[in-house]
Amino acid sequence: MRLRLTAGMVKDEAIDRVETLSGQSILACYQCGRCSAGCPVVEEMDIIPSEVIRLLQLGQIDEVLSSKTIWTCASCLQCASRCPKGVEFSSICDALRAIVLRIRLATPKVDADGLTKVMMSDAPQMGVVGALRKLNG
Amino acid sequence: MEERIGVFVCHCGTNIAGVVDVKRVAEELADYPGVAYSTDYTYMCSDPGQNLVKDAIKKHNLTGVIVAACSPTLHEATFRRAGMTAGMNQYQVEIANIREQCSWVHQGDKEAATSKAIRTIKVMIEKARLDEALEPISVPMTPRALVVGGGIAGIQAALDVANAGHEVILVEKSASIGGHMAQLSETFPTLDCSQCIMTPKMVEVAQHPKIRLMTYSEVDDVSGYVGNFKVKIRKKAAYVNRDVCTGCGLCVEKCPAKTPSEFDEQLADRKAIYTPFPQAVPNKPVLDAEHCTYFLKDGKCGICAKVCPLDCIDYEQKDEFIEEEVGAIIVATGYDLYPIENLGEYGGGKYADVITSLQFERMLSASGPTGGEVLRPSDGEVPSEVVFLTCCGSRDTENHLPYCSKICCMYLTKHAMLYRHKVHDGQAYVFYMDVRTGGKGYEEFYTRAAEEDDVLYIRGKVSKIFEEDGRVMVWGVDTLSGRKIEIAADMAVLGLATVPNEAAAKLASMLKIHTDEWGFLSEAHPKLRPVESLTPGFYLAGSAQGPKDIPESVAQASAAASKVAALFAETEYHREPVIAVIDEDTCAGCRVCISVCPYDAAEFDDEKKVARIKEAICEGCGACIAACPSGSAQQKNLTDEQLYKMVSAALEV
Ligand SMILES: Cc1cc2nc3c(=O)[nH]c(=O)nc-3n(C[C@H](O)[C@H](O)[C@H](O)COP(=O)(O)OP(=O)(O)OC[C@H]3O[C@@H](n4cnc5c(N)ncnc54)[C@H](O)[C@@H]3O)c2cc1C
Ligand code: SF4
Ligand code: SF4
Ligand code: SF4
Ligand code: SF4
């Protein structure tokens, strides 16, 4: 199938969000592939890091969000340390994961108002805070 | 006189000595008839090496010298100079090439290389035995230059030669100087306005006391040779007395006849009587008879003549011919774009919204047909998506031209950037195969386009463009992601290949200077003599020699000018005397030599009925010598007798 590129896709809101969350410029990447070449877990990825960025450049965020890659990235920062354009793929991965998490957690799993006194006193304080943070987007 | 020949065998470090047994070579040749001295040395071209040669010449009173070393193109001049300082005639110093032709090509067989080296030297000894003492030929020099083509290259060359104190005639075929640079909006990589940096130079040309500017003129004929060319220049009938005209423009304003403007790349009309652009130099109109009502309809109209306050219009004006003598010619005839019609797969010439890069350039120009606004030609709307295509006709060995046009990656990047500066919410796409940014500040410029102006570079060559619902549909692929891409764009700009100016081929054949198979002027040596033609006295400047941007065109123009200034520094020009000579006693007057000489150097003496060689023109190519049926044509220091002895030595017979 042909991909119909439109003006909106190159700089669509979702891509903007990735840039804001990661602090990286997507169009700065010139596709040299160095990030992918050096990544220690690239074998386990379904889309290699440089291609993830290329797909973002082409506005294909959905494809990227459903990839295995973003969960495989070990945040070792190998890619970031080697990129000749100063693009930190690891940070882009962080941003993509955060976006997925927020989508998944759009409906809160923990009803904060419904927490009983008993639960509050029985459960460790850290656990309650953690549950609210991790399970409620 | 008994000849006394010296043989100097060079080791060239291990370049020669690593393969050829140089000691044995020197020893064996010491016993060869006529050899008075033979030795070897590590680096003969070094100062001590040259001194060794010089001392031996004096000590052994040598009559000939053979330096067995590298190719004569490298050090023949070095050793001839050394010979001269030691009191020898330089043309009796010869090189035997035992590096490129022995050690380098026979590395695996030392014995064969050594015996070949010995024979190679013997061949040159046989030549040297009969070498005559020759003197360089002096020809008088006319220190005036002709520059053909008034683009930025021609302008720069003319100014530099003139500022070196020499007269210059600058011939430009169109009504104004400026060439393509005058059409440009802003220029990469600094985005300064093209007109602003160019007009001062154009004005300087017009006002320079040493420059005679001849616009609307062409070179019709050139004869002669370096230092002494005779040129015939045709001043085309402008039907305007341009010496009197003040450029008031009344005639242009009132003229009723219109035709598409060449300067505006057909995006707007001009009048039949016109100045190509407001900053034209000279800022005086010419009348284009092909589109003028007066000429087309037998004298109907004549408005311009009526309105001209100075009576400058002259419908009877004829082409005028001017003959001049010059010593050197700089060719700066520039380039054109590959015809857009040749790109049928992109709808070139068929779809209004598929345009050439120069058309886009005119659109971007503040003084252009749209006043600097980017507007779709079909409906005048501001395009919200524009696709730029690189390599249109370039780098395509099968269907178009094989070479890279060099400037298009950069100017399309500039276009995409300037489009975004004018249409802030517009999207620019550039389809590319490689983005070539070889130049100072160029890569940074490209990076800026991608990062700051959100230009999306898509790696792949567009396959086709077609119209659909009033838009141009672009089909390509992004080879980086493997995605097939489709863009419904408002406009497509083609980065068409650079080709030599149409008029240049005709000119080159008249000037008898070489061009490559595409019509670009050929340089004498691709690396070491890039600004001169193989034919002496001709110099090359700008994009006529190959695709070039402005800085490169200017650099080459200045280089050509400095070559000319160096040539003019002497009142006489010295040429190699190793040329043809005809024996008048045996010449049968068959004129075969005249018909074969590629340089027109052989002429016929009607009185004596024999052929003669013009010393100042003959290049010593040998064509006539091979052709002459009576053996009357001989090459100096390469006579038949010498060749016979050399071949015998080579074959050891
Ligand atoms: C779309 C586009 C954008 C560009 N943008 C840039 C840019 O931003 N920066 C940059 O550095 N470069 C740019 N360039 C390149 C630039 O145009 C050239 O480098 C420059 O114009 C070359 O100058 P020139 O004098 O060699 O040739 P030309 O400009 O072609 O001039 C040649 C002149 O010779 C005349 N002529 C030809 N034949 C004859 C003849 N037989 N007798 C007499 N006169 C003759 C012609 O009429 C013309 O005036 C661009 C090119 C294009 C196509
Ligand atoms: S290393 Fe940097 S520039 Fe190269 S592909 Fe990866 S992100 Fe892009
Ligand atoms: S004669 Fe008429 S048509 Fe011709 S140039 Fe003059 S005004 Fe124009
Ligand atoms: S300069 Fe760029 S666009 Fe032009 S032919 Fe070369 S690679 Fe293609
Ligand atoms: S040697 Fe060549 S250049 Fe000289 S006259 Fe003969 S043909 Fe012409």
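Every value quoted in this text rests on a predicted model; they were computed, and no experiment measured them. (Residues numbered from 1 in each chain as written. Chains lettered and ligands numbered in written order. Predicted model: local features only at pLDDT ≥ 70, side-chain atom pairs only at ≥ 80, totals over all residues. Heavy atoms only, no water.)

Trainee: Could you clarify how one ought to interpret the sheet that holds strand β25 (residues 471–478) of chain B in this entry?
Mentor: Strands pair in a sheet through their backbones, by hydrogen bonds, and they do so in one of two ways: parallel or antiparallel. As summarised here, the arrangement of the four strands in space is β1(A)-β26(B)-β25(B)-β24(B), forming an open sheet in which the pairing is mixed. The sheet is open, and its two edges are formed by β1 (2–5) of chain A together with β24 (464–468) of chain B, each paired on a single side. In this sheet, adjacent strand axes meet at a mean angle of 30° when their direction is disregarded. Where β1(A) and strand β26 (residues 483–489) of chain B come together, four bridges link them in parallel fashion. For Leu3(A), the partnering residue across the bridge sits in β26(B) and is Ile485(B). (Pairing = 2+ DSSP bridges. Helix = DSSP H or I, 4+ residues; strand = E, 2+ residues; numbered from the N terminus. Axes fitted to C-alpha atoms, helices over the stretch in contact; angles between N-to-C directions.)

Trainee: It is not clear to me how the domain arrangement of chain B should be interpreted in this structure. Could you clarify?
Mentor: Residues and elements named next belong to chain B. According to the domain assignment, chain B consists of domain 1 (5–134), domain 2 (145–175 + 208–236 + 319–334 + 503–568), domain 3 (250–307), domain 4 (336–499) and domain 5 (576–636). The C-alpha-based centres of domain 3 and domain 4 are spaced at 32 Å. Counting from both sides, the interface comprises five residues of domain 3 and, opposite them, six residues of domain 4. Both sides of the domain 3 and domain 4 interface together cover about 610 Å² of buried area, and 67% of this is carbon and sulfur. Of all residues in domain 3, the largest losses of buried area upon contact with domain 4 belong to Asp264, Glu265 and Leu267, amounting jointly to 73% of the total for that side. Close ionic contact of Arg362 with Asp264 constitutes a salt bridge, the shortest N to O distance being 2.8 Å. Taken together, domain 3 and domain 4 are joined by three residue pairs in polar contact (both at pLDDT 80 or more). Counted by class, the side of domain 3 that touches domain 4 contains three nonpolar, no polar and two charged residues. (Domains from an automatic or database assignment. Contact = heavy atoms within 4.5 Å. Buried area = accessible area lost by both parts, 1.4 Å probe. Salt bridge = Lys/Arg side-chain N within 4 Å of Asp/Glu carboxyl O. Polar contact = N/O pair within 3.5 Å; in protein donor to acceptor, adjacent residues only side chain to side chain. Nonpolar A, V, L, I, M, F, W, Y, C, P; charged D, E, K, R; others polar.)

Trainee: Can you walk me through the state of the cysteines in this structure?
Mentor: Here, disulfide denotes a covalent bond that connects the sulfur atoms of two cysteines. All names here are of chain B. Tallied over the full model, the rule gives one disulfide over all chains. Between the sulfur of Cys193 and that of Cys196 lies a disulfide, 2.2 Å long from S to S. Handedness of the Cys193-Cys196 disulfide follows from its S-S torsion of about 90°: it is right-handed. Given a relative accessible area of 27%, Cys193 falls into the partly exposed group. (Disulfide = S-S within 2.5 Å. Buried < 20%, exposed > 50% of the residue type's maximum accessible area, 1.4 Å probe, protein only.)

Trainee: Can you help me understand the interface of chain B and chain A in this one?
Mentor: When the parts of a complex come together, some accessible area is lost, and that lost area is often used as the size of the interface. Between chain B and chain A, the residue contacts involve 25 residues of the former and 20 residues of the latter. Between chain B and chain A, a total of about 2000 Å² is buried, with carbon and sulfur atoms accounting for 54% of that surface. Summed over the shared surface of chain B and chain A, the result is five salt bridges. Glu486(B) is the partner of Arg4(A) in a salt bridge, and the nearest nitrogen-oxygen pair spans 2.7 Å. Taken together, chain B and chain A are joined by eleven residue pairs in polar contact (both at pLDDT 80 or more). Secondary structure elements with two or more residues in the side of chain B that touches chain A: β22 (427–432), α13 (442–452), β23 (456–459), β25 and β26 of chain B. Per element, the largest residue contribution to the side of chain B that touches chain A is six residues, and it comes from β26(B). When grouped by side-chain class, the residues that make up the side of chain B that touches chain A number twelve nonpolar, four polar and nine charged.

Trainee: Where do I start with the site of ligand 2 in this structure?
Mentor: All names here are of chain A. Around ligand 2, the structure places Cys29, Tyr30, Gln31, Cys32, Gly33, Arg34, Cys35, Ser50, Ile53, Cys83, Pro84 and Val87. For the shell around ligand 2, the secondary structure elements donating two or more residues are α3 (34–38) and α4 (49–57). Classifying every residue of the shell around ligand 2 by side-chain character gives eight nonpolar, three polar and one charged. (Near = heavy atom within 4 Å.)

Trainee: Is there a simple way to think about helix α2 (residues 47–59) of chain B in this case?
Mentor: Since the α-helix packs 3.6 residues into each turn, any two residues three or four apart lie on the same face. All names here are of chain B. Given a rise of 1.5 Å per residue, 13 residues ought to cover 18 Å, and the 18 Å separating the end C-alpha atoms of α2 matches this to within 8%. Every buried residue belonging to α2 is among Gly49, Gln50, Val53, Ala56 and Ile57, and all of these are buried. The buried residues of α2 occupy an angular sector of 125° when projected down its axis, which confines them to one face. Facing away from the buried side of α2, by more than 90 degrees, are the exposed residues Asp47, Lys58 and Lys59. Tucked into the core, α2 has its buried residues touching β1 (5–10), β2 (35–41), β3 (64–69) and α3 (72–85). Asn61 sits one or two positions beyond α2 and adopts a positive phi of about 50°. (Expected span 1.5 Å × (residues − 1). Arc of directions from axis to C-beta.)

Trainee: Even after reading the chapter, I still don't get the pairing of strand β33 (residues 610–613) of chain B, so can you show me in this structure?
Mentor: Working note: regular strand, side chains alternate between the two faces of the sheet. Residues and elements named next belong to chain B. Where strand β32 (residues 602–605) meets β33, four bridges bridge the pair, whose relative direction is antiparallel. In the sheet register, Phe604 faces β33, and the bridge partner there is Ala611. Here β32 hands over to β33 after four residues, with Lys609 in that stretch at a positive phi of 60°.

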